[in-house]
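Architecture at a glance
Chain by chain, the residues:
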Amino acid sequence: EAGVAQSPRYKIIEKRQSVAFWCNPISGHATLYWYQQILGQGPKLLIQFQNNGVVDDSQLPKDRFSAERLKGVDSTLKIQPAKLEDSAVYLCASSLWGAEAFFGQGTRLTVV
Amino acid sequence: EDQVTQSPEALRLQEGESSSLNCSYTVSGLRGLFWYRQDPGKGPEFLFTLYSAGEEKEKERLKATLTKKESFLHITAPKPEDSATYLCAFLMDSNYQLIWGAGTKLIIKP
């Protein structure tokens, strides 16, 4: 069974630039999560989708971050404009509703 | 406020030295408890799901247990390849959100 696919794996951008991350969840998984993980910390939820509807985006900095999940499958997370403090690993995960989540490899973002 | 606390933050053991990692919680409406392993530069890898107090799950040298207030990940006779950060997360019953701990970094020295 194919796992959660994310791209790119690494990205370096200058502050105030924009960046986008892509995620393809496990087939059949209706729930999709985007997390931000800073070194030494647990994952911080940015947004949770159920199919193509948003379940929780309370911790998403909506002035600069946006996310969408078209047709309830693939998802993109965008940052515009990026700040230095956005440097982190961005993780995508998917699950069946109410079950354990499976993660992709993540995208390591460095903002300089 | 719903909260998850993992301890210790870091643990260094000699190969073969058994120990336990703790995950305590103050969460109302627990649906499930998950344990994950995370290696540097990778996403968390799912290990176990526990749903009710008294439940236990085992996989190789790892055993996870759950009480009404905390969960333990017991590691028996660990090997260097068990070195990783171990994360726990609680699934809320009300909205199926995951509440994460900060993790325990486990280092097994040969």
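Residues numbered from 1 in each chain as written. Chains lettered and ligands numbered in written order. Predicted model: local features only at pLDDT ≥ 70, side-chain atom pairs only at ≥ 80, totals over all residues. Heavy atoms only, no water.

Among the structural elements, Ala67(A) can be located in strand E7 (residues 65-69). Apart from residues no more than four positions distant in its own chain, Ala67(A) is found in contact with Ile47(A), Phe49(A), Thr76(A) and Leu77(A). (Helix = DSSP H or I, 4+ residues; strand = E, 2+ residues; numbered from the N terminus. Contact = heavy atoms within 4.5 Å.)

All right, on to the sheet that holds strand E1 (residues 3-7) of chain B then. Residues and elements named next belong to chain B. A sheet is described by the order of its strands in space; here five strands give the open sequence E1-E3-E8-E7-E6, paired in antiparallel fashion. Looking at which strands have only one partner, the edges of the open sheet turn out to be E1 and strand E6 (56-59). Mean inter-strand twist for the sheet, computed between neighbouring axes without regard to direction, equals 15°. Pairing geometry for strand E7 (residues 62-66) and strand E8 (residues 70-75), over five bridges, is antiparallel. Bridge pairing in E8 links Thr65 to Phe72. (Pairing = 2+ DSSP bridges. Axes fitted to C-alpha atoms, helices over the stretch in contact; angles between N-to-C directions.)

So, about the pattern of salt bridges. For the structure on display, the rule yields six salt bridges over all chains. Of the charged contacts, one joins Arg64(A) and Asp86(A) as a salt bridge, the two residues approaching to 2.5 Å between their closest N and O atoms. With a gap of 22 residues between them, Arg64(A) in the loop between strand E6 (53-56) and E7 and Asp86(A) in the loop between strand E8 (75-79) and strand E9 (88-95) connect regions that are remote in the sequence. Both residues of the pair, Arg64(A) and Asp86(A), count as buried. Among the ionic pairs, Glu56(B) bridges to Lys63(B), the shortest N-O distance being 3.8 Å. A residue is classified by how much of its surface remains accessible, and Glu56(B), at 47% relative accessible area, is partly exposed. (Salt bridge = Lys/Arg side-chain N within 4 Å of Asp/Glu carboxyl O. Buried < 20%, exposed > 50% of the residue type's maximum accessible area, 1.4 Å probe, protein only.)

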